[in-house]
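# A look at the structure
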Amino acid sequence: MDHYDPQQTNDYMQPEEDWDRDLLLDPAWEKQQRKTFTAWCNSHLRKAGTQIENIEEDFRDGLKLMLLLEVISGERLAKPERGKMRVHKISNVNKALDFIASKGVKLVSIGAEEIVDGNVKMTLGMIWTIILRFAIQDISVEETSAKEGLLLWCQRKTAPYKNVNIQNFHISWKDGLGFCALIHRHRPELIDYGKLRKDDPLTNLNTAFDVAEKYLDIPKMLDAEDIVGTARPDEKAIMTYVSSFYHAFSGAQKAETAANRICKVLAVNQENEQLMEDYEKLASDLLEWIRRTIPWLENRAPENTMQAMQQKLEDFRDYRRLHKPPKVQEKCQLEINFNTLQTKLRLSNRPAFMPSEGKMVSDINNAWGGLEQAEKGYEEWLLNEIRRLERLDHLAEKFRQKASIHESWTDGKEAMLQQKDYETATLSEIKALLKKHEAFESDLAAHQDRVEQIAAIAQELNELDYYDSPSVNARCQKICDQWDNLGALTQKRREALERTEKLLETIDQLYLEYAKRAAPFNNWMEGAMEDLQDTFIVHTIEEIQGLTTAHEQFKATLPDADKERQAILGIHNEVSKIVQTYHVNMAGTNPYTTITPHEINGKWEHVRQLVPRRDQALMEEHARQQQNERLRKQFGAQANVIGPWIQTKMEEIGRISIEMHGTLEDQLNHLRQYEKSIVNYKPKIDQLEGDHQQIQEALIFDNKHTNYTMEHIRVGWEQLLTTIARTINEVENQILTRDAKGISQEQMNEFRASFNHFDRGEAEFARIMSIVDPNRLGVVTFQAFIDFMSRETADTDTADQVMASFKILAGDKNYITVDELRRELPPDQAEYCIARMAPYHGRDAVPGALDYMSFSTALYGESDL
């Protein structure tokens, strides 16, 4: 049994005065304690086949008190006194109190006499001291004991229940849910906790008390009504009852603890065995892994490529990062497990563990050391090999880059150097090709360093035993061979270009000389052809003779021209000889001229053909001009006779019209005979017309042998015929006027004299001219002059006289009707007037009235009809 701390027990012991005060203050507490303590004592005394009814009476002899202590302590007390005397009773009670004191409980104010005397307060205090020592003191929960331990146990057990909050051993239990929660926590099948209500404490308390008594063998130590009816239930009663729950459930826990102890021992044994098996398996697996890994780490077979070595390095990194760390952990765990196992075996009095042969921790450490050594050598080898391959890969990549750059640069260069483009190039193109070739030669020289670098890298790769050296060597050799070939082709092309340049410069000089001489010669031939084919127009013998002289001078220059032609063709032939001799493939024609030898020969031949044609044309034209000169002379001879004759006749007619003698009839006969003599001259005019027609047909436009043209002759002839006819007509009109006016011969002669001496400067000139020359022609005929003079001297009809006559016919009216006209005038004259008279619009007008006044004025030209 655990050591009892008197001081701790004393904490729960109250002085006698406390008991008195408590009972005086709350008598309900005494009632609760009597019931609770009695039930508690009977729960133990029944194990001895007895019980008490009255707690202060039944313990007075000390016998049941000693029996109670023996039951609850499991120890035998001193033999009790069987006498009935007071001394015997006090002796037994003292034996009980001594036993309690022997358990370390300090009894305060409790004496055997008070118990024997039946002092209730002292008896309850003693029982409470027993309960504290044997029912509560040994309770231990999480390093707390006694009351605090019991309170903590209650709190832990009821923690899952939200409506239960155990803080003490009085009011926290009033609603009964705390008791129900303790039962439900350990025996959930006994109480349907979900149906309980906090506002029904009696039901909750009675349910807990009944279930505890029926199923947990905990007697009913409290009354539900007392607890509910008390403001603060008695703490000691509650603690006593609650401790019964603790011991009831701890009994089952002891059985469980015993089973757990057995299981724990077995589990330790099983765990040890499992640790041994785990050690064996882990050691075997670890040794097997080391056995497999060491050959892999000792493998020093190099790879050919950096990629493969980098993969090995990556595998090694995976080994260090992924595979080895778990094995390091396993090795560490193996050692830990081994040490732990040995410790556990030693603590559980088991013999030490001896692993299988070769699987000791030292064996594993030795194997692990071999692994570490292999790993270290492998890592050094990997790094060295990677550095070597890195250098090789760097060189190989450098080789490939430079080779690719070089091959890319040389691509097409051989074909370019072998092309024959210079064979068809012009001189300017050749010079451009030479410039381009010089640039290529500079570029070629610049690439010499790269070729040397490529060869040097290939040599270094061979010295470093590069795995792909054969292909590197083959590529390098190809590059070097191609480089030598490019050099040879470059030199060959330069020589070809320079040779072609010299030939083309020679040809260019010849072309230039050819062009300088061919152009003026061609111009001369084109001018000659133009002159030889020129359609000349000449009108005189002198002109054709001038053309003939010039043509003869041109023919005299033809031998020299032919020599120039031969020289020009000789230049071209020299070019052709160079082309044939040196096999120059001319790309085009002469750049300085478009004139070809074929054109020169063609034009020269044309000139030679045009010369005789020109000779013939000049001869024919000379003959034609001779014929034209004969026609001019023939026409001029006749025109020089006819022209003066016509002029003479015109003058004679003018004199006849002015100087007329005799009667008008005599003058008329004389003029008609004169007209007949003129008409008889017509055949000579016709003959001249024939000569003129020949001149026109010969396209002769001038004639130095006469000043007369056919047009002059025609106009003069027509004027002559018109003048004689007009003069005859004037005489005839004078005869008509004379007869109509009754003018005598003497008056006619006077009129003629006046007309011949008519002075246009007189003041009356304007009026007279408006009469005799109404059309403003500036010409006054003798007939018009006679009409004027006859009007001035004779009594003739006027517009006023006609107007007065119409007024008589109209019955003195200002108008005349159609009927009056038709009645008074002949039909044709009446209709003439009706058609021309305008309607009359005066105030006195009637329908059909006509205006005879304006009509009369119009008859004499004084207004428009």
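Placed above this text is the structure.
Summarised in this report is the structure supplied together with it. Quick caveat, the model's predicted, so the values are computed rather than measured.

About the cut-offs
- Residues numbered from 1 in each chain as written.
- Predicted model: local features only at pLDDT ≥ 70, side-chain atom pairs only at ≥ 80, totals over all residues.
- Heavy atoms only, no water.
- Helix = DSSP H or I, 4+ residues; strand = E, 2+ residues; numbered from the N terminus.
- Buried < 20%, exposed > 50% of the residue type's maximum accessible area, 1.4 Å probe, protein only.
- Contact = heavy atoms within 4.5 Å.
- Areas by Shrake-Rupley, 256 points an atom, 1.4 Å probe, with all protein chains shown as cover.
- Salt bridge = Lys/Arg side-chain N within 4 Å of Asp/Glu carboxyl O.
- 1 Å grid on protein atoms, 1.4 Å probe; cavity = no way out; pocket = protein on both sides within 12 Å on 5 of 7 lines; lining within 4 Å.
- Points joined across faces, edges and corners; volume = space filled by probe spheres on them.
- Nonpolar A, V, L, I, M, F, W, Y, C, P; charged D, E, K, R; others polar.
- Axes fitted to C-alpha atoms, helices over the stretch in contact; angles between N-to-C directions.
- Parallel < 35°, antiparallel > 145°, perpendicular 65-115°, else oblique.
- Left-handed = near helix turned anticlockwise from the far one by under 90°.
- Phe/Tyr/Trp six-rings, centres within 6.5 Å; stacked < 30°, edge-to-face > 60°.
- Lys NZ or Arg CZ within 6 Å of the ring centre and 35° of its normal.
- Disulfide = S-S within 2.5 Å.
- Core = buried A, V, L, I, M, F, W, Y, C linked by side-chain atoms within 4.5 Å.
- Patch = residues over 30% accessible without salt bridge, like charges linked within 9 Å, V, L, I, M, F, W, Y side chains within 5 Å.
- Expected span 1.5 Å × (residues − 1).
- Bend = angle between axes of the 7 residues up to and from the residue.

Secondary structure summary: the protein contains 31 helices and four strands in total. Per-residue burial over the protein gives 40% buried out of 865 residues. Residue pairs in contact within the protein that sit at least 24 positions apart in sequence constitute 73% of those at least 6 positions apart. Just so you have it, the protein exposes about 48,200 Å², and 51% of that area is on carbon and sulfur atoms.

Our next topic: the pattern of salt bridges. For the coordinates displayed, the defined rule picks out 56 salt bridges. Note that Arg320 is salt-bridged to Glu379, the shortest N-O span being 3.2 Å. Note that Arg320 is positioned in helix α14 (residues 306-347) and Glu379 in helix α15 (residues 361-410), a separation of 59 residues in sequence. Here the residues in one salt-bridge network are Arg320, Lys324, Glu372, Glu375 and Glu379, joined through shared partners.

The subject of this paragraph is empty space enclosed by the protein. Enumeration over the complete set of coordinates arrives at five cavities of 30 Å³ or more. As a volume, the largest cavity reaches approximately 70 Å³. Every residue lining the largest cavity is listed: Met416, Gln419, Asp421, Leu433, Lys436, His437, Phe440 and Arg493. Broken down by element, the lining of the largest cavity gets its largest block of residues, four residues, from helix α17 (residues 427-446). Class assignment of the residues belonging to the lining of the largest cavity gives a composition of three nonpolar, two polar and three charged.

Before going further, it helps to examine the packing of helix α3 (residues 27-45) against helix α8 (residues 120-136). At a minimum axis distance of 10 Å, the contact between α3 and α8 shows a crossing angle of 50°. Between α3 and α8, the crossing angle belongs to the class labelled oblique. For the crossing formed where α3 meets α8, the hand is left-handed. For the pair formed by α3 and α8, the contact residues are Glu30, Gln33, Arg34, Phe37, Trp40 and Cys41 on the first element and Val120, Leu124, Ile127, Trp128, Ile130, Ile131 and Ala135 on the second. Taken together, the residues of the contact of α3 with α8 break down into ten nonpolar, one polar and two charged.

Let us now look at the environment of Glu372. Structurally, Glu372 is set in helix α15. The exposure class assigned to Glu372 is partly exposed, which follows from its relative accessible area of 32%. Each C-alpha atom of the pair Glu372 and Ile294 lies 8.9 Å from the other, and the pair is 78 residues apart in sequence.

Counted by the stated rule, this structure contains 34 aromatic pairs. A centroid spacing of 4.7 Å and a plane angle of 40° characterise the contact between Trp173 and Phe179, whose relative ring orientation is tilted. The buried category is assigned to Phe179, whose relative accessible area is 0%. Between Trp645 and Tyr681 the ring centres are 3.5 Å apart and the planes differ by 10°, which places this aromatic pair in the stacked class. With Trp645 in helix α21 (residues 597-658) and Tyr681 in the loop between α22 (664-679) and α23 (682-697), the pair connects residues that are 36 residues apart, well separated along the chain. The exposure classification of Trp645 matches that of Tyr681, with both residues buried. Taken together, the ring pairs connect Phe169, Trp173, Phe179, Phe209, Tyr241, Phe245 and Phe249 into an aromatic cluster. One residue, Lys413, lies across the ring of Trp409, its end atom 4.9 Å from the ring centre.

Moving on to the state of the cysteines. Summed over the entire model, instances satisfying the criterion amount to zero disulfides. Summary of cysteine pairing: Cys476 is not part of a disulfide, and the nearest cysteine sulfur, belonging to Cys480, is at 4.2 Å.

The next thing to look at is the nonpolar core. Core analysis: the biggest nonpolar cluster contains 79 residues, and Ile127, Ile130 and Phe179 have the highest contact counts within it. Examining the composition of this core, we find that twelve residues originate from one element, α8, more than from any other. Look past the residues within four positions of Ile127 in its chain and what remains in contact with it is Phe37, Cys41, Ile55, Phe59 and Leu68. With 43 residues, the next largest nonpolar core counts Ile454, Ala458, Tyr466 and Ile479 among its residues.

Take a nonpolar patch on the surface next. On the surface, Tyr832, Leu859 and Tyr860 cluster together into a nonpolar patch covering about 270 Å² of accessible area. Locating Tyr832 in the fold gives a position in helix α30 (residues 827-836).

Before going further, it helps to examine α14. Spanning 42 residues, α14 covers 58 Å between terminal C-alpha atoms, matching the ideal 62 Å at 1.5 Å per step. Taking the largest bend as the criterion, α14 deviates by roughly 45°, centred on Lys324, and proline Pro325 comes between one and four positions later.

One turn of the α-helix equals 3.6 residues, which is why residues spaced by three or four share an orientation. Between its terminal C-alpha atoms helix α24 (residues 710-741) stretches 45 Å, which fits the 46 Å expected from 32 residues at 1.5 Å a residue. Trailing α24 by a residue or two, Gly742 shows a phi angle of about 75°, which is positive.

Okay, the environment of Glu114 next. Tracing the sequence through the fold places Glu114 in helix α7 (residues 112-116). Accessibility expressed as a relative area gives 29% for Glu114, which makes it partly exposed. Taking C-alpha positions, Glu114 is 9.9 Å from Glu56, a pair spaced 58 residues apart along the chain. Among residues more than four places away in sequence, those in contact with Glu114 are Asn119 and Met122.

Direction vectors running N to C along helix α28 (residues 799-809) and helix α31 (residues 852-859) enclose 150°, while the axes themselves pass 8 Å from each other. Here α28 lies roughly antiparallel to α31, going by the angle between them. Classified by chirality, the crossing of α31 by α28 is right-handed. For the pair α28 and α31, contact is made by Ala799, Val802, Met803, Phe806 and Lys807 and by Tyr852, Met853, Phe855, Ser856, Thr857 and Leu859, respectively.

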